[in-house]
Each structure stands twice: as structure tokens, then as C-alpha cells.
Amino acid sequence: MTKTYQNLIGGELVSTADTMEVLNPANEEVIGLVPSCGKDELDRAVAAARTAFKTWSKTPIDDRRAVIQAMAGAIKENADELFRLLTSEQGKPHDQAKGEIYGAAGMMSAQSTLSLDDEINEDSDQRLSRTRRVPVGVVGGIVPWNFPVMMAMQKIAPALLSGCTIVLKPSPFTPLATLRIAELIKDIAPAGVVNIITGEDTLGPLITEHPDIDKITFTGSTATGKKIMEGASKDLKRITLELGGNDASIVLPDADVQKVAEQLFWSSFSNAGQICVAAKRIYIHEDIYDELSAAIAEVAKNVVVGDGAQQGTGVGPIQNKKQFDRVCELIQDAKDNGYKFLTGGNVDPSGTGYYVPITIMDNPPEDARIVAEEQFGPVMPLMKFSTTDEVIERANNSEYGLAGAVWTKDTDKGVEIAEQLETGTVWINEFLHLSPFAPFGGHKQSGFGAEYGKEGLSEFTYPQVITIKKDAAV
Ligand code: NAD
């Protein structure tokens, strides 16, 4: 029988009369039912978070750290069950799902060690001025479907560490592993500190505009990010937005073709390309273009596209029908324009499951939709360039500015290029590495603010300056 999951509100697991179906993208079968919350449930969750904030914000930070670490421990202890559930709802192969579950637990533990110490602004004969950080209050967290567990946990951990409480909404497409974690952590955090509620996309705007929520932390598309900014402006809520990207990888002529081919492949095709910081445009120097594009196509030949639960699958299905249709549309547009395919491109629309074959494009023009738009699927355009100045200009010619990579033996040259890229993160000779201790945030339309590191943590706080006049006549 299909399991009906519950939400976590005020320390209790709760159900609603209305439920939503969650599908397995590998076979389109219903694998779970989850509550469909509306305004009433949201009001209850926010009220519980507001009440809990009174005590939680005054709980010593070391006790808060211990709660976060205990949650991470519960996730690790149940990793086996969780990664299988994650594959069934998200589609990613088991090894990648395992990486997400352990990665989320590791990220929580690492983030729990951060601190925001007081800063002395002035210590003179006249006065002592000190800045302390105070928690903003109740946080609304809104999460997408590509890394549902990682994204949820990377919002819960800093919120709790800063002394905030949270109402978190998973994506309606991928709520199951997060709701299973809700069951596991129910008795770890005090009631109301973490609330997890599910609902249709219509629940998002209710969160954004809720008068008793003080901050929104959101990961998702740029289009939704703009709506959130607008909704949050009504009462000037604080916002952190992690949005889309169209990341460029630049391969210089000195790169070792055989060594980088496989890494470049996975920088685009991990999680079936559904990663905000996946390489979505690969620029290869003309001297090595033919050799490297052939080597990447060779890697593709040995990678199996299929059900993530089957051993040997390297690339799973697209997570949902809407995204599947969008990726198919981009491929069709490339065909209609006569662009050349190195591999892939033939989707079977009548098949069960949202499978798109590994698709690699051979030097499409810069204004092709498949280059200019974020594909968010297993589709990668390879493009030829001649000079460094030219490739920097092409890489920066995007409304996005999330991340990028440079591949070269000459790391000084790599840094020189990195410093000219208009993105929040640039990797040299690696990809997709995010550190819990370094701020991660997009430039331009890829985001607003940052997550991770002290900078990310400080976004859950206000600065408060306390000044003591030392020579006051009172
Ligand atoms: P999405 O914007 O459609 O949905 C994200 C979340 O927002 C979901 O929980 C959804 O229910 C909710 N939502 C939808 N409409 C809303 C509204 N009007 N107000 C408030 N909430 C609303 O994004 P998606 O399709 O789930 O995710 C894919 C996108 O996320 C891609 O563009 C990808 O690049 C981006 N992404 C960014 C990062 C990052 O860290 N920068 C990470 C992962 C994904």
C-alpha cells in the first residue's frame, strides 16, 4: 500500500484531509502521498515557530550545535533507507543519492561548528562599541527538487545555529525523504523549532507573504526568485535567493585531453544535468577541440541512462514531466535549426519514465537556445574558442553569474581568467565542490546574498551595535 507521509508542526506529526501524489520519475508510479497544506496549516506552523523562537533564541549556542549534530547523526544512521527513498522520488542513481544523504549530514555537522563572534568597533577612552549578531526570528525555507535533502538541510542548520526557528517547504515533486527525516528528528529539536509542511506551488507565495515570517531562504529558479523578492518586499523580509545558472567551463589548450574528458563529462551530466552549478556551456580551445570533443563523446558511450535504482545506471531520468518537456523542447529547437549532435538527441516521448539520452552538441552558435538558456537536463553544448579575451567575453555574456571553471596546467593563467569571470564561484581544475566554510552565492540574476560560511550564517541575523559611553556624565 502507498505510504501516506505526515508533516511536522509544533513537534507533532500531522496529516491533512487533502493529499498530493508523489511519483517515481523512472516509471511514473505513485510512491507516496503527502499532506496538501494551505493557510491554516501554515498559520499553525508559523505560530509554533514563533513560540519556540522565544526559548530557542536564548538557548546557548553549544546546545544548539548539539541539536544540529544529533539531527545529522539521525540522517547518517538512516542513510540506507533515505538514499533509496531519495532515488525513488528524485530519480538520481543510488550512488549519487547516497552522496547527497551523507553530504547533507556532513554539511550540517560542518555548519554547526561555525560562529559569529562579537566585533569591537571602537574601544577608546570615550566609548566601547560592540557589534553582536541577533537572530532574525522565524525563517521560511523553500526548496527545489534537484537536491531536495541537501537544500533542506543546508537551510535548517544555519537557521537553527543562528537562533532562528524555521518553517520549511519541500518541492511538491520531492518531499518524501525530507518528510522521513521529519519523523526522525521530531524528538531531537524542541517542539516548533523545525516545522516541515508540504503543499502545492501555491503554498510558496503564502509563505513569502506571511506577516509573521521574518526571512525567506529560497533555492530554485530565477523566475520564482523574482516573485519571492516581490512578495517579501511587502514587509521588507530579509531574503537569501540561490537561483539558476548557465555556468561556463573553459578548457585551455594545455589541458590533458584524456584526463579532463571524464571530469568534464560528469561536471555536466551528474544528477542528469539538474544541478544549478553544472557545466552548461563548455568552451574548448580550437587546438584541442576535435580531440577533446571526441574523448567526451567516448565517455558518453559507456554511461547507462536508466532507472537510478538499477545497478550500473550513471544518468537517471529527468525529475518531472514539466522539466522533461522543457528539455525535449530545447533539443527539438536544436534539431529545427540544424545544429550538429555529437551524440544523443532522440527522445522517445511514448516511453514510460522521463528519460532523455545523453545529448552532446557540436559547436552550436552562441545564440542557440541550448547555449543561451539554462538546460537543466542531460544536454551539453561544446563550443570552440580561439583567444582568452574572446572566451571570457562569451562566458560573461549571460544574465546568470553562478559559477564557472577553468581547466589548465597553468594555474596562474587559470586564476587570471577566473578573476575576470562574473560569477560567485570559479573552480580551477575541478567542479561542483562547495565548502560549508566558503560563501556560495550568485552574481547577477543567479542570486541574492549567499549560503554557507560565516557570510551565509550572518544572513540569518541582524547586526546589533551596543555602545557604552565611558566618560559619560550621568
Ligand atoms: P522552482 O522555482 O520552480 O521551485 C522551487 C520551489 O519554489 C518549490 O518548492 C516550489 O514549490 C516553490 N515555488 C514555486 N512557485 C513559487 C512562488 N510563486 N512563490 C514561492 N515559492 C514558489 O524551481 P525548481 O524547478 O524546483 O528548481 C530548478 C531551479 O532551481 C533551476 O533554475 C536551478 O538552477 C535552481 N537551483 C539553484 C540552486 C542554487 O543554489 N543556486 C540550487 C538548486 C537549484
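Predicted model, so just to flag it, every value in this text is computed and none were measured.

Asker: For the site of the ligand, give the residues involved together with the corresponding values.
Answerer: Around the ligand sit 29 residues in total, of which Val143, Asp201, Thr224, Leu243 and Glu374 are the nearest. Contacts to the ligand include Pro205, whose backbone N or O atom sits 3.5 Å from a nitrogen atom. Elements that contribute at least two residues to the shell around the ligand include exactly helix H7 (203–208), strand S10 (215–219) and helix H8 (222–233). Two domains each donate at least three residues to the shell around the ligand, and these are domain 1 (3–243 + 446–465) and domain 2 (247–428).

Asker: Talk me through unusual backbone geometry; I want residue IDs and the actual numbers.
Answerer: Even without being glycine, Phe376 reaches a positive phi, approximately 55°. Inspection of the secondary structure assignment puts Phe376 in the loop between helix H12 (369–372) and strand S18 (379–385). Overall, the relative accessible area of 13% leaves Phe376 in the buried class. For Tyr452, which is not glycine, the phi dihedral falls at a positive 70°. Take Tyr452: it is sitting in the loop between strand S23 (447–448) and helix H15 (453–458). Taking the relative accessible area as the measure of exposure, Tyr452 reaches 4% and is therefore buried.

Asker: Account for helix H5 (residues 148–162), naming residues and giving values.
Answerer: Residues three or four positions apart in an α-helix share a direction because the helix packs 3.6 residues into each turn. For H5, which comprises 15 residues, the first-to-last C-alpha distance of 22 Å matches the rise-based estimate of 21 Å (1.5 Å per residue) to within 8%. The buried fraction of H5 amounts to 15 of the 15 residues, a majority that puts the element mostly inside the structure. The positive-phi residue at the C-terminal boundary of H5 is Gly163, with phi of around 105°.

Asker: Could you give an account of the packing of helix H4 (residues 94–111) against H5, naming the residues involved and the relevant values?
Answerer: Where H4 meets H5, the closest approach of the two axes is 9 Å, and the angle between their N-to-C directions is 10°. Judged by the inter-axis angle, H4 sits roughly parallel to H5. Handedness of the H4/H5 crossing: right-handed. When H4 is examined against H5, the residues Glu100, Ile101, Gly103, Ala104, Met107, Met108 and Gln111 are found in contact with a partner set consisting of Pro148, Val149, Met150, Met153, Gln154, Ile156, Ala157, Pro158 and Leu161. A per-class count over the contact of H4 with H5 returns 12 nonpolar, 3 polar and 1 charged.

Asker: Tell me about the confidence of the model for the protein chain, and please be specific about residues and values.
Answerer: Here the protein chain shows a mean pLDDT of 98. Residues at 70 or above account for 100%. By mean pLDDT, helix H11 (residues 321–336) is the weakest element of the protein chain at 97, and strand S8 (residues 165–169) is the strongest at 99.

Asker: Provide a residue-level description of the nonpolar core, including the pertinent values.
Answerer: Among the nonpolar cores identified, the biggest contains 91 residues, and Leu160, Val194, Leu292 and Ile296 are the most heavily contacted of them. At 10 residues, H5 tops the list of elements feeding residues into this core. Leu252, Tyr339, Tyr354 and Leu421 belong to the second-largest nonpolar core, a separate cluster that totals 26 residues.

Asker: Account for the environment of Thr224, with residues named and values stated.
Answerer: Considering the arrangement of structural elements, one finds Thr224 in helix H8. Relative accessible area serves as the criterion here: at 32%, Thr224 is assigned to the partly exposed category. Through-space distance from the C-alpha of Thr224 to that of Gly204 is 9.5 Å; in sequence the pair is 20 residues apart. Among the polar contacts listed, one links the side chain of Thr224 to the side chain of Ser221, at a separation of 3.0 Å.

Calculation criteria
- Residues numbered from 1 in each chain as written.
- Predicted model: local features only at pLDDT ≥ 70, side-chain atom pairs only at ≥ 80, totals over all residues.
- Heavy atoms only, no water.
- Near = heavy atom within 4 Å.
- Polar contact = N/O pair within 3.5 Å; in protein donor to acceptor, adjacent residues only side chain to side chain.
- Helix = DSSP H or I, 4+ residues; strand = E, 2+ residues; numbered from the N terminus.
- Domains from an automatic or database assignment.
- Buried < 20%, exposed > 50% of the residue type's maximum accessible area, 1.4 Å probe, protein only.
- Expected span 1.5 Å × (residues − 1).
- Axes fitted to C-alpha atoms, helices over the stretch in contact; angles between N-to-C directions.
- Parallel < 35°, antiparallel > 145°, perpendicular 65-115°, else oblique.
- Left-handed = near helix turned anticlockwise from the far one by under 90°.
- Contact = heavy atoms within 4.5 Å.
- Nonpolar A, V, L, I, M, F, W, Y, C, P; charged D, E, K, R; others polar.
- pLDDT = per-residue confidence, 0-100.
- Core = buried A, V, L, I, M, F, W, Y, C linked by side-chain atoms within 4.5 Å.

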